[in-house]
Amino acid sequence: MITNQRQQGFTIVELMVAATLGLLILAGAISMFISNKRIYTEQDEMGRLQENARFAMNMLIRDIRMAGYSGCNHDIATVTNHITGAGTATSIHAFTPVEGSEAGGNWQPSGASTDLGTSDGITLRYLDYTDAYSMMPAMSTADVEIYTSRGSGFELGDRIALADCNSADIVVVTGVTLTGTAGCTTSGPANTTCQDELAHVSASIPSGAEPGNATSTLSKIYDSQAQILEYVTARYFIANDADGNPVLNRRSGEGAAEAIIEGVENMQILYGEDTTGNDQVADTYVNAGAVTDWNDVVSVRIALLVRSIREYGADLDTQTYDLLGTTFNPTDDRRRRRVFTTTVQIRNRISDS
């Protein structure tokens, strides 16, 4: 005979055991979630830190390697700079390949006192061959408009250089006329109605083309073998943003400095001088204030201290950091930091002899 018994429920002991097991499982799940979040935050912040450092280094390396490039003649002494004020050494437009600022001091060798950062800075100038355009047709006189390929993309205020294997002339574009029409073909380069016309006047400078040109007459008449290159002036320095956070800034020409990479806390720079032998090999590395002759600088050594954007974790960063012999002691906070160092050869530096 089978006797059905009614369910009497759980005892208090069973309920306590079940609750304890549930809490243990929940605690394990929460612990795993917190651990995964911590690992994710660590990887995300460190990944961003490394990405910022790589981006900063790539920009600096490219500009340093190109410093002093003046076309196929490789001699900056043959470059004539027509930009207004460029004859003054302290001008951002002066064609000095490399300048340095030591610990926020005035730029050397020019003595300029603008764009001084919180640590070292560097200014680099060159003609950029990345987007080179042919001049067509040849100039008839040294002060006429410059014609180039239709759709070149040059704009008002661009700083360009006409260069061949003998010399180069730098000017500000003071007017752009897109003369191409639907009926134009590329088979007639002498047809100026099918080209972009670039003016470089020295009077009545339009807004957006400041500071204009001291003269519109170039040093010579360039033929159709000449190329049109962009004149690049790149000044790098570290300054704090509106929230007090360090940012790597880049100023290009007449424009305002732009904050390009956050988290770059300190930058130290040494300049390699070829003091003996004239063999384009650095014999000594010194800071900007100790360079004997800037014409002998053939390489640059850079160290960046990059920090994570956000604070995280519980550990304070109490370390000091060695950047090329300079000790930097940042604020003790919960950010992570790494030092990145590289040495770059200035490929276009040539002997003065």
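Scoring rules and cut-offs
- Residues numbered from 1 in each chain as written.
- Predicted model: local features only at pLDDT ≥ 70, side-chain atom pairs only at ≥ 80, totals over all residues.
- Heavy atoms only, no water.
- Buried < 20%, exposed > 50% of the residue type's maximum accessible area, 1.4 Å probe, protein only.
- Helix = DSSP H or I, 4+ residues; strand = E, 2+ residues; numbered from the N terminus.
- Pairing = 2+ DSSP bridges.
- Salt bridge = Lys/Arg side-chain N within 4 Å of Asp/Glu carboxyl O.
- Polar contact = N/O pair within 3.5 Å; in protein donor to acceptor, adjacent residues only side chain to side chain.
- Contact = heavy atoms within 4.5 Å.
- Axes fitted to C-alpha atoms, helices over the stretch in contact; angles between N-to-C directions.
- Disulfide = S-S within 2.5 Å.

### Re the pairing of strand 7 (residues 168–172)
Remember that side chains alternate between the two faces of the sheet whenever the strand is regular. Of all 5 residues that make up strand 7, 5 are buried, and the element is covered over most of its length. Burial along strand 7 is two-sided: Ala168, Ile170 and Val172 and Asp169 and Val171, pointing in opposite directions, are all buried. The sheet contact formed by strand 1 (residues 79–81) and strand 7 spans 3 bridges and is parallel. Opposite Asn81, over in strand 7, you have Ile170 as the bridge partner.

### What about the pattern of salt bridges?
Under the criterion given, the structure shown has 17 salt bridges. The partner of Arg335 in a salt bridge is Glu311, with the nearest N and O atoms 3.8 Å apart. Within this pair, whereas Arg335 is found in the loop between strand 17 (326–328) and strand 18 (337–345), its partner Glu311 is found in the loop between strand 15 (297–307) and strand 16 (321–323), the two being separated by 24 residues in sequence. Take Glu311: its relative accessible area is 37%, and that puts it in the partly exposed class. Connected through salt bridges with shared partners, the residues Glu265, Arg307, Glu311, Asp317, Asp333, Arg334, Arg335 and Arg337 form a single ionic network.

### Considerations on the side chain of Asp317
Tracing the chain through its elements places Asp317 in the loop between strand 15 and strand 16. Classification of Asp317 as buried rests on a relative accessible area of 6%. Of note is the side chain of Asp317, whose polar atom sits 2.9 Å from the side chain of Arg337. Filtering out sequence-adjacent residues up to four positions away, Asp317 remains in contact with Thr331, Asp332, Asp333, Arg335 and Arg337.

### Digging into the sheet that holds strand 5 (residues 146–148)
Strands sit in the order 5-9-8 across an open sheet of 3 strands; the sheet is antiparallel. The open sheet has two free edges, formed respectively by strand 5 and strand 8 (175–178), since each of these has just one partner strand. Strand-to-strand, the axes of this sheet are offset by a mean angle of 20°, without reference to chain direction. Pairing of strand 8 with strand 9 (residues 196–199), which is carried by 4 bridges, proceeds in the antiparallel orientation. Residue Thr177 lies in a different strand from strand 9, and its bridge partner there is Glu197.

### Some points on the state of the cysteines
Under the definition given, this model contains 1 disulfide. Across the disulfide, Cys72 is cross-linked to Cys165 (sulfur-sulfur distance 1.9 Å). Between Cys72 and Cys165, the S-S dihedral sits near -125°, and the bridge is therefore left-handed. A residue pair is termed long-range when its members are at least 10 positions apart, and Cys72 in the loop between helix 1 (12–66) and strand 1 and Cys165 in the loop between strand 6 (159–163) and strand 7 qualify at 93 residues.

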